[in-house]
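# Coordinates in review
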Amino acid sequence: AVSHNQRFLIPYILGFINYISGVDLYLIYRISVFILFFLIIIFTIKILKFFKIKNFDILIALLFVVFNPYLLRYYISLPTLINDLTFILGSLIIIEGILKKKINIINIGLCISIFSRQTGIFFLLAIIISKFYFKNKIFIKKKDIFYSIFACCLIFILNNFHASIAN
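Rules of the game
Residues numbered from 1 in each chain as written. Predicted model: local features only at pLDDT ≥ 70, side-chain atom pairs only at ≥ 80, totals over all residues. Heavy atoms only, no water. Helix = DSSP H or I, 4+ residues; strand = E, 2+ residues; numbered from the N terminus. Buried < 20%, exposed > 50% of the residue type's maximum accessible area, 1.4 Å probe, protein only. Contact = heavy atoms within 4.5 Å. Lys, Arg positive; Asp, Glu negative; His and termini not counted. Charge placed at Lys NZ, Arg CZ, Asp CG, Glu CD. Expected span 1.5 Å × (residues − 1). Salt bridge = Lys/Arg side-chain N within 4 Å of Asp/Glu carboxyl O. Patch = residues over 30% accessible without salt bridge, like charges linked within 9 Å, V, L, I, M, F, W, Y side chains within 5 Å. Areas by Shrake-Rupley, 256 points an atom, 1.4 Å probe, with all protein chains shown as cover. Axes fitted to C-alpha atoms, helices over the stretch in contact; angles between N-to-C directions. Parallel < 35°, antiparallel > 145°, perpendicular 65-115°, else oblique. Left-handed = near helix turned anticlockwise from the far one by under 90°. Nonpolar A, V, L, I, M, F, W, Y, C, P; charged D, E, K, R; others polar.

On to the overall build of the chain. A count of helical and extended segments in the chain gives nine helices and zero strands. Starting at the N terminus, the α and β elements of the chain follow one another as α-α-α-α-α-α-α-α-α. On the principal axes, the C-alpha backbone points of the chain span a range of 50 × 45 × 25 Å. Sorting the 167 residues of the chain into buried and exposed places 38% on the buried side. A fraction of 65% describes how many contacts in the chain between residues 6 or more apart in sequence connect residues 24 or more apart. Here the chain carries 17 positive and 5 negative side-chain charges, and the mean point of each set is 11 Å from the other.

Listed below in C-alpha cells is the structure:
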C-alpha cells in the first residue's frame with residue numbers, strides 16, 4: 001500500500017477540485033483524462049514536427065495513438081489510473097526538452113513523471129549515464145544534473161512522508 005500512497009498528488013488535486021466545485025469526482029477524473037490526452041496529442045505533434053515529418057504522416061501516427069485500445073479507451077473506462085497517463089505526458093515533455101535542449105522543460109517532465117510514478121527516476125538515471133558517457137557532447141551541465149537530483153530527492157522525501165502518514 002505504501003507505493004500507492006506515494007502517488008498522491010494528482011488524486012489530491014482532483015479531490016480538491018471536487019471539494020471546491022461539488023462536481024462528481026468520477027466525472028472530474030474523466031474530464032482530466034481528456035485534458036491529459038489532449039496534451040499528449042499536442043506534445044506528440046510537437047515532437048513529430050521537430051523531425052519535420054509530413055502532416056499526413058503525423059495524422060496517421062496520431063490515429064494510431066487515438067485508436068490504440070490501451071490508451072484513450074482504456075483510460076476513459078478506468079479514469080482512476082490517471083497517474084499512468086500523467087507519466088506518459090511527463091515522458092513526452094522530457095523528450096521535447098531534450099529535442100529543444102532546454103533543461104527547464106526536462107525538469108518539468110521529470111517532476112511530473114516522478115510525482116505520477118516512481119519509475120520516473122529512471123529518466124534521471126538515463127540523463128546521468130548519458131552525461132558521463134557522452135561527456136561534453138550532451139548539452140546538460142553537471143550543475144543541471146545536480147539540480148535535477150535535488151528536485152527528485154525533494155519529491156521522494158515528500159512522497160515518502162505522505163506515504164508514512166497516510167497508512
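Still to come is the rest of the account.
This part is about helix 6 (residues 82-100). Between the first and last C-alpha of helix 6 there are 27 Å, a value that for 19 residues agrees with the 27 Å anticipated at 1.5 Å per step. For helix 6, a buried count of 14 out of 19 residues is recorded, marking the element as mostly surrounded by other parts of the structure. Trailing helix 6 by a residue or two, Lys101 shows a phi angle of about 60°, which is positive.

Glancing now at the pattern of salt bridges. Per the stated rule, a full pass over the model turns up three salt bridges. Its salt-bridge partner being Asp84, residue Arg117 comes within 2.9 Å of it at the nearest N-O pair. In this pair, Arg117 is assigned in the loop between helix 7 (103-116) and helix 8 (121-134) and Asp84 in helix 6, connecting sequence segments 33 residues apart. One connected set of salt bridges, linked through shared partners, spans Lys46, Glu96 and Lys100.

Moving on to the environment of Lys102. Secondary-structure assignment places Lys102 in the loop between helix 6 and helix 7. Taking the C-alpha atoms as reference points, Lys102 and Phe64, 38 residues apart in sequence, are found 28 Å from one another. When sequence neighbours within four positions are dropped, the list of residues in contact with Lys102 reads Gly97 and Phe139.

For the rest of this paragraph, the subject is a nonpolar patch on the surface. A cluster of nonpolar side chains, contributed by Val23, Leu27, Ile31, Ile35, Phe38, Leu39 and Ile42, occupies part of the molecular surface with about 560 Å² of accessible area. In this structure, Leu39 sits in helix 3 (residues 25-50).

On to the packing of helix 2 (residues 9-21) against helix 6, then. At a minimum axis separation of 9 Å, helix 2 and helix 6 run at an interaxial angle of 115°. In terms of axis orientation, helix 2 runs roughly perpendicular to helix 6. Here the hand of the crossing between helix 2 and helix 6 comes out right-handed. Residues Ile10, Pro11 and Leu14 of helix 2 touch helix 6, and the partners they reach there are Ile82, Asn83 and Thr86. For the contact of helix 2 with helix 6, the residue count by class is four nonpolar, two polar and no charged.

Just geometry here; none of it tells us what the structure is for.
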